[in-house]
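Descriptive structure summary
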Amino acid sequence: MKLIWKLLASALLASCVTVVTAAPKDRSVDAIDSGGATGVVATSLSTSKAYHRSNDDVVIGVVFSNTSAAPVMLANWLFDSSDPDRSFLKVTRDGQPADYLGALVKRTALTADEATVLQPGESLSVNYELSSLFNLAQGGVFEVAFSGSAKQAIAGQTLSSDAISLAVEPDPFRSLLSAIDHSKAAGAGGVSYSGTKCTASKKADLMTALVNAEAYAGGAVTYLSGTPSATTRYKTWFGTFSTANWNTIKTHYTNIRSVYNTQPIVFDCGCTKKTTYAYVYPSQPYKIYLCGAFWSAPATGTDSKAGTLVHETSHFTVVAGTQDYAYGQTAAKSLALSNPSQAIMNADSHEYFAENTPAQP
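This write-up is about the structure you can find in this document. Note that the structure is predicted; figures quoted are calculated from it, not measured.

**Here's the deal with unusual backbone geometry**
With an omega of 0 degrees, the peptide bond running from Pro285 to Tyr286 counts as cis. You will see that Asp94, though not glycine, has its phi angle at about 55 degrees, which is positive. Relative to the assigned elements, Asp94 resides in the loop between strand E5 (89-93) and strand E6 (96-97). Unlike most non-glycine residues, Asn356 shows phi in positive territory, near 50 degrees.

See the structure below:
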């Protein structure tokens, strides 16, 4: 280890947080009795070492603490090591976000049977591995924080954590892997299936969903090819009108429609998570992982199979690079009012605009 890394590691290690978890309490869903109060969950981070070699797994610990007088629910997938979504973590280097390589997941609303109850004063901890989910290949000092954006994960107010610092040695091989242009490497055209879980009936559903998704994207392009204006449909999902934003959204749907017509699409039916619709890895077009909630969704309409494909396709970096700033129609409408710049980059906003249910002019 070079001397500069030794000195850096010593300084950073001194700032690491020690994880302390409160004694377990009753976490059954029957234990929830908030009396109308809103639970508040504070988050704190830790790491066991401040310096990581290029071949080390970078692991952080997150502690969720109920700092309020009311019980709160935390989604079980937060504690699932196999869950592909870690987008609620904020990783930066020199103030710039590290590329997120993990999945962006569309889920159902949090329900009690898919949650863990955190009683007042109780804390729970979980470890997350970052190396495979964020591009740390360039090395350097990274700041990591819980962003508080996992709104579907916690029934209550979530507080962002303070950031912790950790150092990572550069790894040129990771840089090579992340630099691959997957769209060019994949060839062009056609639909294929990954694994053996896509049964004949599921393949039929997917073909119908793909046709409907193309129709949704095409319909959006046609609508947006009209004269840009502050229409009801536009303002509902994307907020304050501007010609620039209108044209950005039109480009997104044009790209989405192009995927369905020209690009090789891979469907994977192996995910069995009941409360998840689907997910993708944004830097790995055009593979879409379908989960339990997808198969029970309607063919068209709100939160449909076709709409889900539009949502997931918009996530691909080479298509639109959307994020999950808000889930569900109510939250998406609120986002349009409060933050139009995020609304035009929100995947659910794109889905609901395309589904247009109920229809708006």
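**Examining the sheet that holds strand E7 (residues 104-107)**
Ordered in space as E7-E16-E17-E15-E14, the 5 strands form an open sheet in which the pairing is mixed. Every other strand in the sheet has two partners, leaving E7 and strand E14 (191-194) as the edge strands with one partner each. Along the sheet, successive strands turn relative to each other by an average axial angle of 20 degrees, direction set aside. Both strand E15 (residues 265-268) and strand E17 (residues 287-290) contribute to a ladder of 3 bridges, which runs parallel. Residue pairing in the sheet places Asp268 in a bridge with Tyr289 of E17.

**Here's the deal with the side chain of Arg233**
By the secondary structure assignment, Arg233 is in helix H5 (residues 232-238). Here Arg233 occupies a buried position and makes no salt bridge, while the nearest side chain of opposite charge, Glu355, is found at 9.9 Å. If we ignore the near neighbours within four places in the chain, the residues touching Arg233 are Tyr223, Phe353, Ala354, Asn356, Gln360 and Pro361.

**A short note on the packing of helix H4 (residues 200-224) against helix H8 (residues 305-315)**
Axis separation between H4 and H8 bottoms out at 8 Å; the angle between their running directions is 65 degrees. One element, H4, and the other, H8, form an angle in the roughly perpendicular class. With respect to the hand of their crossing, H4 and H8 are arranged in right-handed fashion. Where H4 approaches H8, its residues Asp205, Ala209, Leu210, Asn212, Ala213 and Tyr216 are matched on the opposing element by Lys305, Ala306, Gly307, Leu309 and Val310. Tallied by class, residues from the contact of H4 with H8 come to 7 nonpolar, 2 polar and 2 charged.

**Focus: the pattern of salt bridges**
Counting across every chain of the model gives 10 salt bridges. For Arg53, the salt bridge identified is with Glu169, shortest N-O distance 3.2 Å. Remark: Glu169 occurs in the loop between strand E13 (164-168) and helix H2 (172-178) and Arg53 occurs in the loop between strand E2 (51-52) and strand E3 (59-66); sequence separation between them is 116 residues. Judged by its relative accessible area of 19%, Glu169 falls in the buried class. For Asp83, the salt bridge identified is with Arg107, shortest N-O distance 2.9 Å. Of this pair, Asp83 sits in the loop between strand E4 (72-75) and E5 while Arg107 is found in strand E7, placing the two residues 24 residues apart along the sequence. The burial state of Asp83 is the same as that of Arg107; both residues are buried. Shared partners join several salt bridges into a network, and the residues in it are Lys106, Asp303, Asp348 and Glu351.

**Details of the nonpolar core**
Within the largest apolar cluster, 43 residues are counted, with the highest numbers of intra-cluster contacts made by Tyr253, Tyr260, Leu290 and Leu309. No other element matches the 9 residues that H4 contributes to this core. When residues no more than four places from it in sequence are discounted, the contact partners of Leu309 are Ala209, Leu210, Ala213, Tyr260, Phe267, Ile288, Leu290 and Phe294.

**Focus on the side chain of Glu355**
Secondary-structure assignment places Glu355 in helix H11 (residues 347-355). Buried and without a salt bridge, Glu355 has Lys106 as its closest oppositely charged side chain, separated by 6.4 Å. Here Ser304 takes part through its side chain, which lies 3.1 Å from a polar atom of the side chain of Glu355. Setting aside its immediate chain neighbours within four residues, Glu355 contacts Tyr216, Gly301, Thr302, Asp303, Ser304 and Gly307.

**Looking at the sheet that holds strand E8 (residues 115-118)**
Pairing within the open sheet is antiparallel, and its 3 strands lie in the order E8-E4-E11. Unpaired on one side and paired on the other, E8 and strand E11 (154-155) mark the two borders of the sheet.

**So, the packing of H8 against H11**
Where H8 contacts H11, the two axes come as close as 8 Å, and the packing angle between them is 140 degrees. Taken together, the axes of H8 and H11 lie oblique to each other. You can see that H8 and H11 cross each other, and the crossing is right-handed. Listed contacts from H11 to Gly307, Thr308, Val310, His311, Ser314 and His315 of H8 are Ala347, Asp348, His350, Glu351, Ala354 and Glu355. Split into classes, the residues belonging to the contact of H8 with H11 amount to 3 nonpolar, 6 polar and 3 charged.

Conventions we followed
- Residues numbered from 1 in each chain as written.
- Predicted model: local features only at pLDDT ≥ 70, side-chain atom pairs only at ≥ 80, totals over all residues.
- Heavy atoms only, no water.
- Helix = DSSP H or I, 4+ residues; strand = E, 2+ residues; numbered from the N terminus.
- Pairing = 2+ DSSP bridges.
- Axes fitted to C-alpha atoms, helices over the stretch in contact; angles between N-to-C directions.
- Buried < 20%, exposed > 50% of the residue type's maximum accessible area, 1.4 Å probe, protein only.
- Lys, Arg positive; Asp, Glu negative; His and termini not counted.
- Salt bridge = Lys/Arg side-chain N within 4 Å of Asp/Glu carboxyl O.
- Contact = heavy atoms within 4.5 Å.
- Parallel < 35°, antiparallel > 145°, perpendicular 65-115°, else oblique.
- Left-handed = near helix turned anticlockwise from the far one by under 90°.
- Nonpolar A, V, L, I, M, F, W, Y, C, P; charged D, E, K, R; others polar.
- Core = buried A, V, L, I, M, F, W, Y, C linked by side-chain atoms within 4.5 Å.
- Polar contact = N/O pair within 3.5 Å; in protein donor to acceptor, adjacent residues only side chain to side chain.

Geometric descriptors of this kind do not, in isolation, establish any biological role.
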